[in-house]
Amino acid sequence: MVSEIRVDTVYNESGDSDSGINLGTNDSIKFDIAGSTKWTMNSSGNLFPSSTSQGICFGVTSDTASNRLSDYEEGTWTPAYTFSGGGTVTHGSRGGNYIKVGNLVQVGFNIRSTGVSSLSGSLTLTGLPFPVKNATGARMGGSVGYNRDWGADMPNFRIYTSPNSSQLNFYYNAMNATGAAVGTSQFATGNDHNVIEASAVYITE
Amino acid sequence: MAITKEIIEDKIEVVGSFKHINVRTATVVKEDGKEVSRSFHRHVVSPDNDASSESDEVKKLVGLHHTDELKKEYSDFKKAQADAGP
């Protein structure tokens, strides 16, 4: 009985003999296809592709781009209040996080202002970690979990993404009226105002 | 045991018809030269953004892609979006 076989490579014998498992590097297992390493399992047991365009296909039996999951990433971003017509908003504590799975981005953020100067136009939230895809249906809504101390009462206060930009827009409307963009008269000027904690999900390029 | 921290832009991509520049900034912590953690912070430089505080590498891409013509197209696009309203 053979209890252990020590080899550096296990390759296919027939055909062109260039695919198999490569064990020739310390503390890693390499999966070779057509003579080059396509995936590597490292010493921590994590699996890495050799190219970021590679992924795992779900629900298909052949390689199809729209079924291939090739990206996952998490991190932080910095939200900022910006008015379309100019001016300056100074911010208090703020922060954002994101998780990207394939082309789907989920962001969460909190932000508040401490002062304003010479604002005009409508309010946007800039700094999204990825631009919103330019496509029909790419305008997607967000969910406001908490807000306080704005400059006016705003029924149905909401946020949404704009295709082909890296910003969120704010709007409000009474149930029996059309929507209106949040502008300077709805934006409070004092310290620790315009507080919002929210999240949004959108598709990126 | 030496612990070091470096902040690098480890991924820069140009995406979409308006050439948005995706910048990923990585904070890399190393112990005796071996990486023990890497965290990411992201931002996007769009044609209407001020790029004066960006790195030289990003500024080069801005200069290459964010031409006056593209900035005008993007400005018109955003104005049309704003005019369309919520």
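One can find the structure itself at the top, above this paragraph.
Residues numbered from 1 in each chain as written. Chains lettered and ligands numbered in written order. Predicted model: local features only at pLDDT ≥ 70, side-chain atom pairs only at ≥ 80, totals over all residues. Heavy atoms only, no water.

1. So, a nonpolar patch on the surface
On the surface, Val2, Ile5, Val7, Val10, Ile21, Leu23, Ile29, Phe31, Met41 and Leu47 of chain A cluster together to form a nonpolar patch covering roughly 820 Å² of accessible area. Position of Ile29 of chain A relative to the elements: it lies in strand β3 (residues 29–33). (Patch = residues over 30% accessible without salt bridge, like charges linked within 9 Å, V, L, I, M, F, W, Y side chains within 5 Å. Areas by Shrake-Rupley, 256 points an atom, 1.4 Å probe, with all protein chains shown as cover. Salt bridge = Lys/Arg side-chain N within 4 Å of Asp/Glu carboxyl O. Helix = DSSP H or I, 4+ residues; strand = E, 2+ residues; numbered from the N terminus.)

2. Thoughts on the interface of chain A and chain B
Listed by partner, the interface residues are 26 residues for chain A and 19 residues for chain B. A combined buried area of about 1700 Å² lies between chain A and chain B, and 47% of that area is made up of carbon and sulfur atoms. Among the residues chain A hides against chain B, the three largest losses belong to Glu73, Pro131 and Asn164 of chain A. Together they make up 28% of the total. Taken together, the connections running from chain A to chain B amount to 2 salt bridges. Here Glu73 of chain A and Arg24 of chain B are joined by a salt bridge, their closest N and O atoms 2.8 Å apart. For the interface between chain A and chain B, the tally reads 11 residue pairs in polar contact (both at pLDDT 80 or more). Among the elements of the structure, β8 (72–77), β16 (167–172) and β17 (180–181) of chain A are those that each provide at least two residues to the side of chain A that touches chain B. Sorting elements by how many residues they give to the side of chain A that touches chain B places β8 of chain A first, with 5 residues. Class assignment for the residues of the side of chain A that touches chain B results in 11 nonpolar, 11 polar and 4 charged. (Contact = heavy atoms within 4.5 Å. Buried area = accessible area lost by both parts, 1.4 Å probe. Polar contact = N/O pair within 3.5 Å; in protein donor to acceptor, adjacent residues only side chain to side chain. Nonpolar A, V, L, I, M, F, W, Y, C, P; charged D, E, K, R; others polar.)

3. As for the environment of Thr178 of chain A
All names here are of chain A. On the secondary structure map, Thr178 appears in the loop between β16 and β17. Between the alpha carbons of Thr178 and Gln167 there is a distance of 22 Å; along the sequence they are 11 residues apart. With sequence-adjacent residues up to four places away left out, Thr178 is seen in contact with Tyr172 and Asn173.

4. Comments concerning helix α2 (residues 68–84) of chain B
Across its 17 residues, α2 of chain B extends 24 Å between first and last C-alpha, which sits within 8% of the 24 Å expected from 1.5 Å per residue. Directly beyond the C-terminal end of α2 of chain B, a positive phi value near 75 degrees is found at Gly85 of chain B. (Expected span 1.5 Å × (residues − 1).)

5. Examining the sheet that holds strand β5 (residues 47–49) of chain A
Residue and element names in this part refer to chain A. Taken in spatial order, the 5 strands line up as β1-β2-β3-β4-β5 in an open sheet, and their pairing is antiparallel. Sheet topology places β1 (9–11) and β5 at the edges, where each strand pairs with a single neighbour. Taking the axes of each pair of neighbouring strands and ignoring which way they run, one obtains an average angle of 25 degrees across the sheet. Sheet topology places β3 next to strand β4 (residues 36–41); 5 bridges connect them, and they run antiparallel. In the strand pairing of β4, Phe31 is matched with Trp39. (Pairing = 2+ DSSP bridges. Axes fitted to C-alpha atoms, helices over the stretch in contact; angles between N-to-C directions.)

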